[in-house]
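Architecture and fold: a report
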Amino acid sequence: MPDRNAARDTDIGIVDVAAARQRLAGHVRRTPMIEALALSTRHGVPVRLKCEHQQITGSFKARGATNTVLGLSQAQREAGVAAASTGNHGRALAYAAKAAGIRAVICMSSLVPANKVEAVRALGADVRIVGVSQDDAQLEVDRLVRDEGMTNVAPFDMAGTIAGQGTLGLEMIEDAPDTEALLVPLSGGGLLAGVALAAKALNPAVRVIGVTMERGAAMYASLASGRPVEVTEVPSLADSLGGGIGLDNRFTFSMVQRLVDDVVLVSEVEIAEAIRLAYMELGEVIEGAAAVGMAALAAGRIALRGPVGIVLSGRNIDMALHRRIVMGENPDLAGAGHG
Ligand SMILES: *Cc1c(COP(=O)(O)O)cnc(C)c1O
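Cut-offs and rules
- Residues numbered from 1 in each chain as written.
- Predicted model: local features only at pLDDT ≥ 70, side-chain atom pairs only at ≥ 80, totals over all residues.
- Heavy atoms only, no water.
- Domains from an automatic or database assignment.
- Contact = heavy atoms within 4.5 Å.
- Buried area = accessible area lost by both parts, 1.4 Å probe.
- Salt bridge = Lys/Arg side-chain N within 4 Å of Asp/Glu carboxyl O.
- Polar contact = N/O pair within 3.5 Å; in protein donor to acceptor, adjacent residues only side chain to side chain.
- 1 Å grid on protein atoms, 1.4 Å probe; cavity = no way out; pocket = protein on both sides within 12 Å on 5 of 7 lines; lining within 4 Å.
- Points joined across faces, edges and corners; volume = space filled by probe spheres on them.
- Helix = DSSP H or I, 4+ residues; strand = E, 2+ residues; numbered from the N terminus.
- Pairing = 2+ DSSP bridges.
- Axes fitted to C-alpha atoms, helices over the stretch in contact; angles between N-to-C directions.
- Near = heavy atom within 4 Å.
- Areas by Shrake-Rupley, 256 points an atom, 1.4 Å probe, with all protein chains shown as cover.
- Sits in = over half its atoms within 2 Å of the grid points.
- Nonpolar A, V, L, I, M, F, W, Y, C, P; charged D, E, K, R; others polar.
- Expected span 1.5 Å × (residues − 1).
- Buried < 20%, exposed > 50% of the residue type's maximum accessible area, 1.4 Å probe, protein only.

**Considerations on the domain arrangement of the protein chain**
The domain boundaries assigned to the protein chain delineate domain 1 (14-58 + 158-326) and domain 2 (61-152). One C-alpha centre belongs to domain 1, the other to domain 2, and the line joining them spans 22 Å. Across the boundary between the two partners, domain 1 contributes 30 residues, which contact 22 residues of domain 2. Summing both sides of the interface, domain 1 and domain 2 together bury roughly 2200 Å²; the carbon and sulfur share of this comes to 52%. Considering only the surface of domain 1 that becomes buried against domain 2, Arg23, Thr57 and Asn316 emerge as the three largest contributors, covering 25% of it. For the interface between domain 1 and domain 2, the tally reads 2 salt bridges. Among the ionic pairs, arginine 63 bridges to glutamate 171, the shortest N-O distance being 3.0 Å. Run the count over domain 1 and domain 2 and you get 11 residue pairs in polar contact (both at pLDDT 80 or more).

**Overview of empty space enclosed by the protein**
For the structure shown, the criterion picks out 4 cavities of 30 Å³ or more. Of the pockets and cavities examined, the largest cavity occupies roughly 310 Å³. Residue lining of the largest cavity: 28 residues in total, with Phe60, Lys61, Ser187, Gly188 and Ser240 positioned closest to the centre. Put simply, the parts of the chain that give the lining of the largest cavity at least two residues each are helix H6 (88-100) and helix H10 (190-202).

**Let's talk about the sheet that holds strand S10 (residues 308-312)**
As summarised here, the arrangement of the 6 strands in space is S1-S2-S10-S7-S8-S9, forming an open sheet in which the pairing is mixed. The open sheet terminates on both sides in strands that have one partner only, identified here as strand S1 (33-35) and strand S9 (262-266). Taken pair by pair, the neighbouring strands of this sheet meet at an average axis angle of 25°, ignoring direction. Pairing between S1 and strand S2 (residues 47-51): 3 bridges, direction antiparallel. In the sheet register, isoleucine 34 faces S2, and the bridge partner there is leucine 49. Those strands touched by helix H13 (residues 268-282) are S2, strand S8 (207-213) and S9, and its axis lies near 90° from that of S9.

**A few points about the side chain of threonine 252**
Mapped onto the fold, threonine 252 is located in helix H12 (residues 252-259). Discounting residues that sit within four places of it in the chain, threonine 252 has contacts with Phe156, Asp157, Ile162, Gly188, Gly189, Gly190 and Met219.

**Looking at the site of the ligand**
Around the ligand, 17 residues are found, and the nearest of them are Lys61, Asn88, Ser187, Gly189 and Ser313. Within the side chain of asparagine 88, a nitrogen or oxygen atom sits 2.8 Å from an oxygen atom of the ligand. Bound to the protein, the ligand loses 98% of the 380 Å² it would expose on its own. A molecule is said to occupy a pocket when more than half its atoms come within 2 Å of that pocket's grid points, and by this definition the ligand occupies the largest cavity. Looking at side-chain class alone, the shell around the ligand contains 7 nonpolar, 8 polar and 2 charged residues.

**A closer look at H13**
In a regular helix each residue adds 1.5 Å, so 15 residues correspond to 21 Å; H13 covers 21 Å between its end C-alpha atoms and thus fits that length. Along H13, the residues classified as buried are Glu268, Glu270, Ile271, Ala272, Ala274, Ile275, Arg276, Leu277 and Ala278. Buried positions along H13 lie against helix H3 (37-43), S8, S9, helix H14 (292-298) and helix H15 (319-326). Positive backbone phi, approximately 70°, marks glycine 283, located one or two places after H13.

**Here we look at the pairing of S10**
Burial within S10 is extensive, with 5 of its 5 residues counted as buried. On S10, burial covers both faces: Val308, Ile310 and Leu312 on one face and Gly309 and Val311 on the other are all buried. Here S2 pairs with S10 via 5 bridges, running parallel. Directly across from cysteine 51, in S10, lies its bridge partner leucine 312. Taken together, the 3 bridges between strand S7 (residues 181-185) and S10 define a ladder with parallel strand orientation. Following the sheet pairing, alanine 181 is matched in S10 by valine 308.

Printed below as a string of structure tokens:
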């Protein structure tokens, strides 16, 4: 019973994921899991894609944010919610707050691409640009919590967030029970921890592999050190994977340490190639963070023993950047639209 152990060690168990699923019904999409026949043929095993880039707000973050918002008390609803976000979590929380009729303040660093800032504003949230890192943005959130009694809805290290993201793991194993390995994008680890918890509760034998970019992979460095460590934030095509895991990490570090079988890294060129592949061969627009699973597969980083499920985690890429990549460029650094 791996789920019981999970509940004891981390305060988050499969019961929380099941509760999240009930709460989320009718509020977020149950996205399709499709077989990518061209990839299955190429790799010799069924390759299936969880189309979470088709989720409301363009990423799976809608699950965790909505789960937490729907679980707030009346007093918490009245004070509103706040978050520091590289974009997709802010967008998801803005959407969830608006749907629930409550106030949202989203704090972002100046590294966040302009298209993501605008998307959050368009959802009616109050956007504040603070500093040059996720940590700077978080200081402003801490102030809002202290001075205005707002609730900080965290992008990954929070029980409601992890349980919400875990619903995606339930759906993947239900839709493809023969899955042998899941490839899941990894940054702060809310997605990976939730998916690993849920998937292994349904099938303890499934391998769950985190994939992240070579540049500034905080969870990877932390796992190697045996404790949460800081890394320098560097612009990447996978901008949604930027940011640290928090030196005071409560849930995701220990859950990833315990539940995840492996973490693999991909390069910027490999991410660009996977974005191109998704568009040219599958007709799907995905962002850099969502492309890492396909990138790891294409680069031969995954030992294949059976059917693979890959999470396409989001579609929120600057379309001018996407066009350049599809035309064959491998944009570097500031080319990713940061600054
Ligand atoms: C946030 C995000 C991730 C990483 O999720 P974590 O829970 O922080 O590991 C991956 N892909 C996309 C598109 C995201 O928005």
